[in-house]
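Residue strings, one per chain:
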Amino acid sequence: MPYNARRILILIFMGLLITGCGERREVKKVDLKKKVDLPAKKNGAIRIAVSAMISPKNTLYYYKQILDYLGKNLGKEVVLVQRKTYAEVNELLKNGRLEAAFVCSGPYVAGKKAFGMELLAAPQVHGKTVYYSYIIVHKDSSIKTFEQLQGRSFAFTDPFSNTGKLVPTYELAKLDRTPESYFSKYIFTRSHDNSIEAVAEKLVDGAAVDSLIWEYIQATYPKYTSKTKVIKKIGPFGIPPVVVSPDIDPKLKNQIREILLKMHQDEKGKRILKGIFIDRFVVIDDSAYDSVREMEAWLAVR
């Protein structure tokens with residue numbers, strides 16, 4: 001679908017969510033016991049998913065080069081698998097129907113607890129393995145603080161997103177409020193670039209987005225980020241990692257990790273990483289995600 005046509009459909013859909021479906025948005029529950037259809041694995045292909053951090057078209061653009069690089073060095077075909085929600089990707093990893101995935105911090109914490117999802121590596125950006133939740137509004141908005149978003153419309157990304165859902169919900173809980181009691185309306189856009197576009201086009205008053213994605217888009221194609229401004233920076237948190245299924249073949253796991261960790265030493269790999277603003281891939285400790293666990297634990301007892 002041409003980009004402009006896709007954009008129009010997104011905007012119409014978001015507009016219908018905000019104006020035509022009542023005052024509150026219900027979160028659709030995902031049954032983690034339900035089987036998720038996936039094409040049959042062919043010729044030993046390696047299946048790697050990219051969670052819904054960015055929209056499908058941009059996911060393909062950003063990640064295809066990394067997956068192609070992995071495939072060439074593994075000597076095997078690497079297939080990109082995409083799903084609309086983080087929960088669906090976790091389900092595939094749980095059932096061993098994916099070898100690896102690029103996931104958000106929140107789904108990693110959930111997957112580690114539920115079925116032993118394993119850390120493989122993490123991107124290092126500007127010398128650090130952290131990121132933030134950006135609360136954004138339109139650049140012309142009079143809103144200057146998170147508190148001023150009370151009674152306004154808001155966009156989350158995914159119910160399981162750390163920066164796009166957990167963090168702002170935690171901030172509201174500290175004010176003794178919930179999304180339902182605080183915002184006039186809220187929606188789930190399913191990707192951070194969609195949330196940025198929703199704010200830029202004034203479909204919502206504010207949104208919570210991944211700082212890495214906002215900064216990347218701002219530096220490379222600021223059509224929509226330039227129409228927004230960051231009013232609150234919350235964090236830092238452990239950066240979204242690369243993970244593997246607990247059922248992955250140990251030899252393959254080590255091969256994928258080694259390729260990623262050495263990618264910055266190869267001219268082609270270095271060029272790919274530079275193009276998406278990653279310094280290198282590094283080993284990261286599980287404790288980097290303890291702040292996510294602490295927020296979840298605190299919210300659970302409220």
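As a starting point, this report considers the structure included with it. Here the structure is a predicted model, which is why all the values come from computation and not from measurement.

An order of β2-β1-β3-β10-β4-β11 is seen for the six strands of this open sheet, with the pairing classed as mixed. Here the strands that pair on one side only, and so sit at the sheet edges, are β2 (78-82) and β11 (280-282). In this sheet, adjacent strand axes meet at a mean angle of 25 degrees when their direction is disregarded. Helix α3 (residues 86-94) contacts β1 (46-50), β2, β3 (100-102) and β10 (242-244) of the sheet and is inclined by roughly 160 degrees relative to β3.

A word on the packing of helix α5 (residues 162-174) against helix α11 (residues 290-300). In the contact formed by α5 and α11, the axes pass within 10 Å of each other and the chain directions differ by 50 degrees. Compared by their axis directions, α5 and α11 come out oblique. Here α5 and α11 pass one another in a crossing that is left-handed. Listed contacts from α11 to Asn-162, Leu-166, Val-167, Thr-169, Tyr-170, Ala-173 and Lys-174 of α5 are Val-292, Met-295, Glu-296, Trp-298 and Leu-299.

Turning to helix α9 (residues 250-262), a few remarks are in order. Given 3.6 residues to a turn, an α-helix orients residues that are three or four positions apart in the same direction. If you check α9, its first and last C-alpha atoms are 18 Å apart, about what 13 residues at 1.5 Å a residue would give, namely 18 Å. Within α9, burial applies to Leu-252, Lys-253, Ile-256, Ile-259 and Leu-260. Looking down the long axis of α9, one finds its buried residues gathered within 135 degrees of arc, a one-sided arrangement. Projecting away from the buried face of α9 at angles above 90 degrees are the exposed residues Pro-250 and Lys-251.

Working note: a packed helix pair is described by the angle between its axes plus the distance between those axes. In the contact formed by α3 and helix α4 (residues 105-115), the axes pass within 10 Å of each other and the chain directions differ by 35 degrees. The element α3 and its partner α4 pack so that their crossing is right-handed. The segment α3 lies against α4, with Tyr-86, Asn-90, Leu-93 and Lys-94 engaging Pro-107, Ala-110, Gly-111 and Phe-115. Taken together, the residues of the contact of α3 with α4 sort by class into five nonpolar, two polar and one charged.

With that settled, consider the pairing of strand β6 (residues 153-156). Side chains Ser-153 and Ala-155 project from β6 onto one buried face, and the interleaved Phe-154 and Phe-156 project onto a second face that is buried too. Pairing geometry for β6 and strand β7 (residues 185-188), over four bridges, is parallel. Note that in β7 the partner of Phe-156 across the bridge is Phe-188. As paired strands, β6 and strand β8 (residues 206-210) are joined by two bridges and run parallel to one another. Counted as the bridge partner of Phe-154 is Gly-206 from β8.

Let us look at the pattern of salt bridges. Tallied over the full model, the rule gives nine salt bridges. Ionic pairing is found between Lys-64 and Asp-68, a salt bridge with its closest N-O pair at 2.8 Å. In this pair, Lys-64 and Asp-68 are both assigned in helix α2 (residues 56-74), four residues apart and thus about one turn of the helix distant. Asp-68 gets classed as partly exposed once you look at its relative accessible area, which sits at 40%. For Asp-140, the salt bridge goes to Lys-139, with nearest N and O atoms at 3.2 Å. Overall, the relative accessible area of 42% leaves Lys-139 in the partly exposed class. Several salt bridges converge on common partners, so that one network encompasses Asp-286, Asp-290 and Arg-293.

Moving on: the sheet that holds β8. Picture the strands of a sheet paired through backbone hydrogen bonds; they go either parallel or antiparallel. An order of β7-β6-β8-β5-β9 is seen for the five strands of this open sheet, with the pairing classed as mixed. Unpaired on one side and paired on the other, β7 and β9 (228-238) mark the two borders of the sheet. In this sheet, adjacent strand axes meet at a mean angle of 20 degrees when their direction is disregarded.

Next up on the list: α3. Among the nine residues that make up α3, seven are buried, leaving the element largely enclosed by the rest of the structure. Inspection of α3 places Tyr-86, Ala-87, Val-89, Asn-90, Glu-91, Leu-92 and Leu-93 among the buried residues, and these make up the whole buried set. At its buried positions, α3 is contacted by β1, β2, β3, α4, α7 (192-200) and β10. Following α3 by one or two positions, Gly-96 adopts a phi angle in the positive range, close to 70 degrees.

Before going further, it helps to spend a moment on the pairing of strand β5 (residues 130-138). The element β5 is extensively covered by neighbouring structure, given that eight of its nine residues are classed as buried. Two elements, β5 and β9, share eight bridges in a ladder whose sense is antiparallel. Paired with Ile-135 across the two strands is Lys-232, which belongs to β9.

Tracing the sequence through the fold places Ser-245 in the loop between β10 and α9. Beyond its immediate sequence surroundings of up to four residues, Ser-245 is in contact with Leu-93, Gly-96, Leu-98 and Glu-99.

Calculation notes
Residues numbered from 1 in each chain as written. Predicted model: local features only at pLDDT ≥ 70, side-chain atom pairs only at ≥ 80, totals over all residues. Heavy atoms only, no water. Pairing = 2+ DSSP bridges. Helix = DSSP H or I, 4+ residues; strand = E, 2+ residues; numbered from the N terminus. Axes fitted to C-alpha atoms, helices over the stretch in contact; angles between N-to-C directions. Contact = heavy atoms within 4.5 Å. Parallel < 35°, antiparallel > 145°, perpendicular 65-115°, else oblique. Left-handed = near helix turned anticlockwise from the far one by under 90°. Expected span 1.5 Å × (residues − 1). Buried < 20%, exposed > 50% of the residue type's maximum accessible area, 1.4 Å probe, protein only. Arc of directions from axis to C-beta. Nonpolar A, V, L, I, M, F, W, Y, C, P; charged D, E, K, R; others polar. Salt bridge = Lys/Arg side-chain N within 4 Å of Asp/Glu carboxyl O.

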